[in-house]
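If you want the building blocks of each chain, they are given just below.
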Amino acid sequence: MFSFSLGRVALCAPEHSAAQDDELAGLPQDLPEVVGTSGDQFRDSFTRLCLYLVLTTGEASGERSDDTVVIGTEYGNTAALARLQRDAAAKGRLLSAQYFPNATSSSASAFVNLRIGSTGRNMTVNAGPLTPVTVLWQALSALDRGRSDTSRVLIGDVYAPEAVLDAGLDTPDAPCTSGVLHAALLGGDDFTAEFSFGAGDAAPGTPLRAVHRGPARDGGTAREPAPDAGPAVFPDRNGAFAAHHFMGVLQELRPAEQAVLECRAPDGRHARVTVTRRPANSTDGRTW
């Protein structure tokens, strides 16, 4: 079981232009000013959005910190790699091997860590449909071990055409909507989180992700029972939207209430995180 507090949460979901798959609409107007253009040969819109979200939360001081950065993405800077290949083909030249170490090692997590001066853990997680839960587990593990006071979580994708084709091989009926979530998980005890992972029991037609809001455990405050609206279901391949909804539910929980984020893959693998808000009768005397 992990304990944590929740800081700022933000979601950015750009749209692809109908005229050109590589062009995005709905990006923040000040994105070029905030993230700059250095290294754009090897970073794509996903990487720039990750940088933008971290730099505009009001929590990045610009000074070195022990922050951990965990990025959950299936395709990362695939668009940058594909762009290099398409440009080379269009110009009738061969690509030099020197481009690819730069393009692959300069991932979004590396760009973010370098930009904010983070000395904590730096990782990119790709667990397919289970990515949101796996990322939260990694981020909270860093807090629990005392390696960081803040874990910055970034979940999502900005889909290049090649990424959409690849995703269709695994989940042909799942839409691929671009979007990136940023959440700051802080050392604290406002919430507790319990994780479970398993394989082999997903029924046909089970949604990729669902968010459940549960009743208060013993010690919770009395309240009128809410109508049972059922779980919020998210069929999109991109886990940013389910994770963003889950974070919003956490912010609304009453003392001792629970929320569950459940992710399932087509092959039956599944992952679940259950988060409980701190009970009102905690032993340190705090009230809610």
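Attention in this report is confined to the structure presented alongside it. (Residues numbered from 1 in each chain as written. Predicted model: local features only at pLDDT ≥ 70, side-chain atom pairs only at ≥ 80, totals over all residues. Heavy atoms only, no water.)

When a protein is soluble and globular, its nonpolar side chains tend to lie buried together. Counting 40 residues, the largest nonpolar core has Phe4, Leu136, Leu185, Phe246, Leu250, Leu261 and Val273 as its most contacted members. Residue assignment for this core shows that the elements contributing at least two residues are strand 1 (2–12), strand 5 (122–125), helix 6 (131–144), strand 6 (150–157), strand 7 (179–198), helix 8 (240–252), strand 10 (258–264) and strand 11 (270–277). No other element matches the 8 residues that helix 8 contributes to this core. Excluding anything up to four places from it in sequence, Phe4 contacts Leu140, Leu143, Leu185, Leu186, Gly188, Asp189, Asp190, Phe191, Thr192, Ala193, Leu250 and Val275. (Core = buried A, V, L, I, M, F, W, Y, C linked by side-chain atoms within 4.5 Å. Buried < 20%, exposed > 50% of the residue type's maximum accessible area, 1.4 Å probe, protein only. Helix = DSSP H or I, 4+ residues; strand = E, 2+ residues; numbered from the N terminus. Contact = heavy atoms within 4.5 Å.)

Applying the stated criterion across every chain yields a total of 5 aromatic pairs. Ring centres of Phe195 and Phe197 lie 6.4 Å apart, and the angle between their planes is 5°; this geometry places the pair in the stacked category. An aromatic cluster is present here, built from Phe2, Trp137, Phe195 and Phe197 joined pairwise through their rings. (Phe/Tyr/Trp six-rings, centres within 6.5 Å; stacked < 30°, edge-to-face > 60°.)

Take the environment of Arg272 next. Secondary-structure assignment places Arg272 in strand 11. Residue classification places Arg272 among the partly exposed residues on the basis of a relative accessible area of 30%. Beyond its immediate stretch of four places on either side in the chain, Arg272 contacts Val133, Glu194, Phe195, Ser196, Val260, Leu261 and Glu262.

This brings us to the pairing of strand 5. Regular strands show a simple pattern: their side chains alternate between the two faces of the sheet. Only one face of strand 5 is covered, namely the face carrying Met123 and Val125; the face carrying Asn122 and Thr124 is uncovered. Relative to strand 5, strand 4 (residues 68–72) is paired through 4 bridges, and the arrangement is parallel. Bridging across to strand 5, Val70 finds its partner in Met123. (Pairing = 2+ DSSP bridges.)

With that settled, consider the packing of helix 2 (residues 45–55) against helix 5 (residues 108–116). One way to put it is that helix 2 packs onto helix 5 with a least axis distance of 9 Å and a crossing angle of 35°. Once helix 2 is placed against helix 5, the crossing between them reads as right-handed. Taking contact as the criterion, the partners of Phe46, Thr47, Cys50, Leu51, Val54 and Leu55 in helix 2 are, on helix 5, Ala108, Phe111, Val112, Arg115 and Ile116. Looking at side-chain class alone, the contact of helix 2 with helix 5 contains 9 nonpolar, 1 polar and 1 charged residues. (Axes fitted to C-alpha atoms, helices over the stretch in contact; angles between N-to-C directions. Left-handed = near helix turned anticlockwise from the far one by under 90°. Nonpolar A, V, L, I, M, F, W, Y, C, P; charged D, E, K, R; others polar.)

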